[in-house]
Amino acid sequence: MGFLKQLDVDNFKSWRGKQVIGPFKRFNCIIGTNGSGKSNVMDALSFVMGERAATLRVKHTRDLIHGAHIGRPVSTTASVTMRYCDDNGEELNFCRSISGDSSEYRINGRQITLAKYTEELEKIGIVTKARNCLVFQGAVESIAMKNPKERTKMFERISQSLELSNDYDRRKEALQKA
Ligand code: ATP
Ligand code: MG
């Protein structure tokens, strides 16, 4: 299985200019005092996977540019590159850059549409719409508060077995009626 090597950030949220987060190990733990930027690491990861602004704790995409939170953005652009090492040891670079509120997506430097980008992420097991890789602050409580039925549905959605399970329910119902 491949792994995330590092994130290259450029004027993204609390990182001014070009900076490197990582290199990561297979298991990583981020520690730091309140407000030191731990959640911003998850935001950088979500951002490069194509998440929309609201999930990244800002109103507009342009608010993600360093300094924008105090009304003083240092640039009109920002970017995050995810360096991913695949099963064969080859590096794959997924990059999202923003200019104001508009986003551009690149894989290994080649610009592509968000749909194609998402498709390529799915090939390495990252299903962005399932939001399977990230549990955001506050989400732990909401998961704990779910009833067993809701929790089962959530895991079915994450594991992409919801359609299979719906199909099974339909067949079970049909057989019970017969
Ligand atoms: P906690 O322990 O409270 O959850 P945290 O370590 O997760 O804190 P974050 O929420 O990741 O902290 O980071 C908050 C910091 O990020 C704040 O200090 C804020 O000033 C900074 N920040 C957020 N957006 C920007 C931005 N656009 N430019 C510069 N700094 C930013
Ligand atoms: Mg936090």
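Everything numeric here is computed off the predicted structure, so don't read it as measured data. (Residues numbered from 1 in each chain as written. Chains lettered and ligands numbered in written order. Predicted model: local features only at pLDDT ≥ 70, side-chain atom pairs only at ≥ 80, totals over all residues. Heavy atoms only, no water.)

### Description of the pairing of strand S1 (residues 3-10)
And step 1. When S1 meets strand S3 (residues 77-85), the two strands line up antiparallel, connected through 7 bridges. From the neighbouring strand, Leu 7 faces S3, where its bridge partner is Met 82.
And step 2. Sheet analysis places S1 next to strand S2 (residues 18-21), joined by 4 bridges and oriented antiparallel. Within the sheet, the bridge partner assigned to Asp 10 lies in S2 and is Lys 18. (Pairing = 2+ DSSP bridges. Helix = DSSP H or I, 4+ residues; strand = E, 2+ residues; numbered from the N terminus.)

### Here we look at the site of ligand 1
And step 1. Neighbouring ligand 1 are 18 residues; Asn 34, Gly 35, Lys 38, Asn 40 and Gly 67 lie closest to it.
And step 2. A distance of 3.0 Å is found between a nitrogen atom of ligand 1 and a backbone nitrogen or oxygen belonging to Lys 13.
And step 3. Considered on its own, ligand 1 offers 660 Å² of accessible surface; in the complex 77% of this is hidden by protein.
And step 4. Residue composition of the shell around ligand 1, grouped by class: 2 nonpolar, 12 polar and 4 charged. (Near = heavy atom within 4 Å. Polar contact = N/O pair within 3.5 Å; in protein donor to acceptor, adjacent residues only side chain to side chain. Areas by Shrake-Rupley, 256 points an atom, 1.4 Å probe, with all protein chains shown as cover. Nonpolar A, V, L, I, M, F, W, Y, C, P; charged D, E, K, R; others polar.)

### Section: the packing of helix H4 (residues 148-158) against helix H5 (residues 162-177)
And step 1. In contact at an axis separation of 7 Å, H4 and H5 are set at 125 degrees when each is read in the N-to-C sense. Judged by the inter-axis angle, H4 sits oblique to H5. The segment H4 lies against H5, with Lys 153, Glu 156 and Arg 157 engaging Leu 162, Ser 165 and Asn 166.
And step 2. Split into classes, the residues belonging to the contact of H4 with H5 amount to 1 nonpolar, 2 polar and 3 charged. (Axes fitted to C-alpha atoms, helices over the stretch in contact; angles between N-to-C directions. Parallel < 35°, antiparallel > 145°, perpendicular 65-115°, else oblique. Contact = heavy atoms within 4.5 Å.)

### Notes on unusual backbone geometry
And step 1. Following Gly 22, the chain continues into Pro 23 via a peptide bond in cis, with omega recorded as 0 degrees.
And step 2. Position of Pro 23 among the secondary structure elements: in the loop between S2 and helix H1 (38-48).
And step 3. The backbone of Arg 57 shows a phi angle near 70 degrees, a positive value even though the residue is not glycine.
And step 4. On the secondary structure map, Arg 57 appears in the loop between H1 and S3.

### Some remarks on helix H2 (residues 114-123)
And step 1. Residues Tyr 117, Thr 118 and Leu 121 constitute the buried set of H2. Viewed end-on, H2 has its buried residues packed into an arc of 100 degrees, placing them on one side of the element. Exposed residues pointing more than 90 degrees away from the buried face of H2 are listed as Ala 115 and Lys 123.
And step 2. Looking at the buried positions of H2, the neighbouring elements they touch are H1, S3, strand S4 (91-99), strand S5 (102-107) and strand S6 (110-112).
And step 3. Phi turns positive one or two residues past the end of H2, at Gly 125, with a value near 90 degrees. (Buried < 20%, exposed > 50% of the residue type's maximum accessible area, 1.4 Å probe, protein only. Arc of directions from axis to C-beta.)

### What about the sheet that holds S5?
And step 1. Pairing is antiparallel across the open sheet formed by 6 strands, whose spatial order is S2-S1-S3-S4-S5-S6. Across the chains shown, the open sheet's two edge strands, defined by having one partner strand only, are S2 and S6. Taking the axes of each pair of neighbouring strands and ignoring which way they run, one obtains an average angle of 25 degrees across the sheet.
And step 2. With 9 bridges joining them, S3 and S4 adopt antiparallel strand pairing. Bridge pairing links Met 82 to Phe 94 in S4.

Spatial relationships are all this shows, so hold off on functional conclusions.
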